[in-house]
Amino acid sequence: MLERRPLKRRSIFFVVWLLLYIAFLIGTAILVFVGFINRPKELEDFLLLGLGLCYVVNVMSALAIWHWWKWGFFVLAASIIATVGLTVVEGSTSVWTLAGLLAGYIVVVIARPSWYYFE
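Each chain has its residues counted from 1, following the order in which its sequence is written. Given that this is a predicted model, residues contribute local features only at a pLDDT of at least 70 and side-chain atom pairs are listed and counted only at 80 or more, while totals for whole chains, interfaces and linings are drawn from all residues. Note: side-chain values were computed over all heavy atoms of the structure, leaving out hydrogens and water.

*Asks:* Explanation requested: a nonpolar patch on the surface in the structure shown.
*Replies:* Residues enter a patch when their relative accessible area is above 30% and they make no salt bridge; the linking distance is 9 Å between like charges and 5 Å between nonpolar side chains (Val, Leu, Ile, Met, Phe, Trp, Tyr). Reported accessibility uses the Shrake-Rupley method at a 1.4 Å probe radius. Residues are deemed covered only where the shown protein chains occlude them. Any Lys or Arg side-chain nitrogen found within 4 Å of a carboxyl oxygen on Asp or Glu counts as a salt bridge. Together, Phe-33, Leu-49, Leu-53, Val-56 and Met-60 line one region of the surface with nonpolar side chains, adding up to about 460 Å² of accessible area. Helix and strand assignments come from DSSP, with helices taken as H or I runs of at least 4 residues and strands as E runs of at least 2, each series counted from the N terminus. Summarising the element assignment, Leu-53 is placed in helix H2 (residues 45-66).

Here it is as C-alpha cells:
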C-alpha cells in the first residue's frame, strides 16, 4: 500500500507575512545593491556588499521556508545575525536593526505550529 502523507497547510497569517517579508527583502536587496539606502558617506564597500549578500541570503532562506525546507530557518537566523552585526559595525543602531530581528522572529513564531511539516 502507498503511504499517504498529510496535506501541508499554511495559516493565512503565515502566507501573508512570508509573502510580505520576501517582497520586502527583495526590494531591500535591490536598493542596497543600487546604492539608494541612506547611509553615511564613510561606509566601506565591503559593508555595502556584505549587507547586499545578507539580504540575498535572507531571500533564499525565506523561499526555502516557503518550500517547507527546515534549513531555511537556520540560514535565516544566521543571516539576520550577520545583518545586525554588519549594521552595528556600520554604526547604524537604529529601530530598523531591531525591526529586522523582530521580522525574523515573527516568521519563526507564525511557522511554529506547522513545524512538523518541514523537511
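Read on, since the account is not over.
*Asks:* I keep staring at the packing of aromatic side chains and nothing clicks. Help me out?
*Replies:* In this description, an aromatic ring pair is defined by two values, namely the gap between the centres and the angle between the planes. What counts as a ring pair is set by centres within 6.5 Å for rings of Phe, Tyr and Trp (its six-membered ring), and what kind of pair is set by the plane angle: stacked under 30 degrees, edge-to-face over 60, tilted for all other angles. Using the criterion set out here, one finds one aromatic pair in the structure. When the centroid spacing of 6.0 Å and the interplanar angle of 15° are considered together, the rings of Trp-69 and Trp-71 count as stacked. Accessibility expressed as a relative area gives 38% for Trp-69, which makes it partly exposed. Exposure remark for Trp-71: the relative accessible area of 43% places this residue in the partly exposed category. Partly exposed describes any residue whose relative accessible area lies between the buried limit of under 20% and the exposed limit of over 50%, with all areas from a 1.4 Å probe on protein chains only and scaled to the type maximum.

*Asks:* Would you mind going over helix H1 (residues 12-34) with me for this structure?
*Replies:* Over its 23 residues, H1 extends 33 Å from the first C-alpha to the last, a length consistent with the 33 Å expected when each residue adds 1.5 Å. Buried within H1 are the following residues: Phe-14, Leu-18, Tyr-21, Ile-22, Leu-25, Thr-28, Ala-29 and Val-32. After H1 finishes, the residue Gly-35 shows a positive phi value of roughly 100°. One fewer than the residue count of a helix, multiplied by 1.5 Å, yields its expected span.

*Asks:* Teacher, can you tell me more about the packing of H1 against H2 here?
*Replies:* For any two helices packed against each other, one specifies the inter-axial angle together with the distance between the axes. Angles shown run from 0 to 180 degrees and are taken between the N-to-C directions of axes, each axis being a line fitted to C-alpha atoms and, for helices, limited to the stretch in contact. Their axes nearest at 9 Å, the elements H1 and H2 cross at an angle of 155°. Between H1 and H2, the angle is such that the two are roughly antiparallel. The handedness of the crossing between H1 and H2 comes out as left-handed. When its residues are assigned to classes, the contact of H1 with H2 shows 22 nonpolar, three polar and no charged. Angle categories: roughly parallel below 35 degrees, roughly antiparallel above 145, roughly perpendicular from 65 to 115, and oblique for all the rest. Handedness of a crossing is defined here by the sense of rotation of the near helix relative to the far one, left-handed for an anticlockwise turn of less than a right angle and right-handed for a clockwise turn. As a working rule, the residues Ala, Val, Leu, Ile, Met, Phe, Trp, Tyr, Cys and Pro are called nonpolar, Asp, Glu, Lys and Arg charged, and the rest polar, with Gly in that last group.

*Asks:* So what exactly am I meant to see when it comes to the environment of Trp-17 here?
*Replies:* Topologically, Trp-17 is positioned in helix H1. Trp-17 sits 86 residues away from Ala-103 along the chain, and the two C-alpha atoms are 9.1 Å apart. By definition, residues are in contact when any of their heavy atoms lie within 4.5 Å. Sequence-distant contacts of Trp-17, defined by excluding residues within four places in its chain, comprise Ala-103, Ile-106, Val-107 and Ile-110.

*Asks:* Which parts of the structure should I look at to understand the confidence of the model for the protein?
*Replies:* Of all residues in the protein, 84% attain a pLDDT of 70 or more, and the chain-wide mean is 78. The lowest-confidence element of the protein is helix H4 (residues 95-111), averaging 78 in pLDDT; the highest-confidence one is helix H3 (residues 71-90), averaging 85. One confidence number per residue, pLDDT, is output by the predictor and ranges from 0 to 100.

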